[in-house]
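Results of the structural survey
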Amino acid sequence: MSERVKVAFYWCASCGGCEEAVVDLAEKILDVINLVDIVFWPVAMDFKLEDVERMPDNSITVSFINGGIRLSEHEKVVKLLRQKSKLVVAFGACSSWGGIPGLANLYTREEILERAYLTTPTTHNPDKIIPGSKTEVEIDNTKIEVPVFLASLKPLDEVIDVDYYIPGCPPTPNVTWKALETLLSGNLPSKGSVLGASDRSLCDECPLNKTKPENVLIKEFKRIVNFNPEPNKCLLVQGLPCLGPVTRGGCGALCVNANMPCTGCFGPLSDVRDYGGKAISYLASILDLDNEEDIKRELSKIIDATGLVYKYYLPKSALKGKVGGSKS
Ligand code: SF4
Ligand code: SF4
Ligand code: SF4
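Residues numbered from 1 in each chain as written. Chains lettered and ligands numbered in written order. Predicted model: local features only at pLDDT ≥ 70, side-chain atom pairs only at ≥ 80, totals over all residues. Heavy atoms only, no water.

**Points about the site of ligand 1**
Around ligand 1, the structure places Ser14, Cys15, Gly17, Cys18, Ala93, Cys94, Gly168, Cys169 and Pro170. Secondary structure elements with two or more residues in the shell around ligand 1: helix 1 (17-23) and helix 5 (93-97). Residue classes in the shell around ligand 1 are distributed as six nonpolar, three polar and no charged. (Near = heavy atom within 4 Å. Helix = DSSP H or I, 4+ residues; strand = E, 2+ residues; numbered from the N terminus. Nonpolar A, V, L, I, M, F, W, Y, C, P; charged D, E, K, R; others polar.)

The structure is reproduced here in structure tokens:
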């Protein structure tokens, strides 16, 4: 990629953290701006969709798309960006595997709308209006099309072809920068590669790894809300379900450095097909208990097993969730 590259950023079902992650490049953002032309970035610059529609096909060098696909509008825009882009990168956990908003796939669309618009304790909705039944409205003679809330959230690669993935919730500045350097170098890795992160597990770069024995065995699981871990000692060895052993490295063990167990936002290593399946089988394998009652008691201490092992991965998993496999 020797000529000045054209770059687009777009967000789908996203918390905004991945957009912040681009700004988190700090002074390096100036290097980025010197190297690229940003041709579409709705959160920061006043480009319209029509501007993209007018661009020739394949004229955008690379589109970075964060967030999962939850609205008909997301489907429409990412399909357009695919048509106009040479490369598409899934940026962050939500885009790559569904992420935290993907946990909503444990519920049907109707259950989600009912909860959000009728039954939350802070809701005041005496007319019981639930959006989504009408997708075209007319206000002051102007027709407005309201996006449809789809039946489930999908990772980006279930809607369009994706060339590369950048993991993290959000991707850390060093990972984003390394990924950008790879893309700008023109020396592109094979399609489907994960950019910017490590090919080894998080434990490999964790400063507490030296206190973790090769075969970890624990008698009980603890919860970080009511347990203050000793510093400088592997959190897993202390009973906290740290997912570092099954998570891709690259973040520099950010959470562990803050005395919090890894929750897996860099996703699986390349040879793992289902992150949550791998995580739960690893946790089960380190429980040093023989008695069935003891095992049941310890497993019951994991309050939200799905949320623990599939926090970022449910829509991409074999389970997919209650509605993950349904068509919208
Ligand atoms: S990956 Fe994390 S930071 Fe990025 S949009 Fe999703 S929830 Fe937000
Ligand atoms: S604290 Fe977590 S990431 Fe660090 S060595 Fe232990 S299990 Fe691995
Ligand atoms: S420690 Fe785990 S959860 Fe925290 S940023 Fe790194 S990969 Fe993500």
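**Topic: the environment of cysteine 203**
Within the fold, cysteine 203 resides in the loop between helix 7 (173-185) and helix 8 (254-257). For cysteine 203, a relative accessible area of 10% gives the class buried. Taking the C-alpha atoms as reference, cysteine 203 lies 40 Å from serine 72; in sequence the two are 131 residues apart. Among residues more than four places away in sequence, those in contact with cysteine 203 are Asn209, Lys212, Gly244 and Pro245. (Buried < 20%, exposed > 50% of the residue type's maximum accessible area, 1.4 Å probe, protein only. Contact = heavy atoms within 4.5 Å.)

**Some remarks on empty space enclosed by the protein**
This model, assessed by the stated rule, comprises four cavities of 30 Å³ or more. Roughly 90 Å³ of internal volume is contained in the largest cavity. Along the wall of the largest cavity there are 13 residues; nearest its centre are Cys203, Cys206, Lys212, Cys234 and Cys242. Residue composition of the lining of the largest cavity, grouped by class: ten nonpolar, two polar and one charged. (1 Å grid on protein atoms, 1.4 Å probe; cavity = no way out; pocket = protein on both sides within 12 Å on 5 of 7 lines; lining within 4 Å. Points joined across faces, edges and corners; volume = space filled by probe spheres on them.)

**Regarding the packing of aromatic side chains**
All told, the structure shown has six aromatic pairs when counted by the stated rule. A centroid spacing of 5.4 Å and a plane angle of 20° characterise the contact between phenylalanine 9 and phenylalanine 64, whose relative ring orientation is stacked. In this pair, phenylalanine 9 sits in strand 1 (residues 5-11) while phenylalanine 64 sits in strand 3 (residues 60-66), placing the two residues 55 residues apart along the sequence. Of the two residues, phenylalanine 9 and phenylalanine 64, neither departs from the other in class, the shared state being buried. When the centroid spacing of 5.9 Å and the interplanar angle of 40° are considered together, the rings of tryptophan 97 and tyrosine 313 count as tilted. Here tryptophan 97 is found in helix 5, whereas its partner tyrosine 313 is found in the segment after helix 11 (305-309), with 216 residues between them in sequence. Assessed through its relative accessible area of 6%, tyrosine 313 is described here as buried. Feature note: the residues Phe9, Trp41, Phe64 and Phe91 constitute an aromatic cluster, connected by ring pairs. (Phe/Tyr/Trp six-rings, centres within 6.5 Å; stacked < 30°, edge-to-face > 60°.)

**Notes on the pairing of strand 5 (residues 85-91)**
Both faces of the sheet carry side chains from a regular strand, because those side chains alternate between them. Strand 5 sits mainly inside the fold: six of its seven residues count as buried. Here five bridges tie strand 3 to strand 5, and the two strands are oriented parallel to one another. Its bridge partner being in strand 5, serine 63 is matched across the sheet by valine 88. In this structure, strand 5 lies alongside strand 9 (residues 164-166), joined through three bridges in parallel fashion. Within strand 9, the residue paired with valine 89 across the bridge is tyrosine 164. (Pairing = 2+ DSSP bridges.)

**Notes on the environment of valine 256**
Within the secondary structure, valine 256 is located in helix 8. Each C-alpha atom, one on valine 256 and one on serine 193, is 26 Å from the other, the two residues being 63 residues apart in sequence. If we ignore the near neighbours within four places in the chain, the residues touching valine 256 are Cys206, Leu208, Leu235, Cys242 and Cys262.

**Observations regarding a nonpolar patch on the surface**
A cluster of nonpolar side chains, contributed by Ile139, Ile144 and Val146, occupies part of the molecular surface with about 230 Å² of accessible area. As for its placement among the helices and strands, valine 146 is situated in the loop between strand 7 (142-145) and strand 8 (149-154). Overall, valine 146 belongs to the partly exposed group, its relative accessible area being 34%. (Patch = residues over 30% accessible without salt bridge, like charges linked within 9 Å, V, L, I, M, F, W, Y side chains within 5 Å. Areas by Shrake-Rupley, 256 points an atom, 1.4 Å probe, with all protein chains shown as cover. Salt bridge = Lys/Arg side-chain N within 4 Å of Asp/Glu carboxyl O.)

Purely geometric numbers; function is a separate question.
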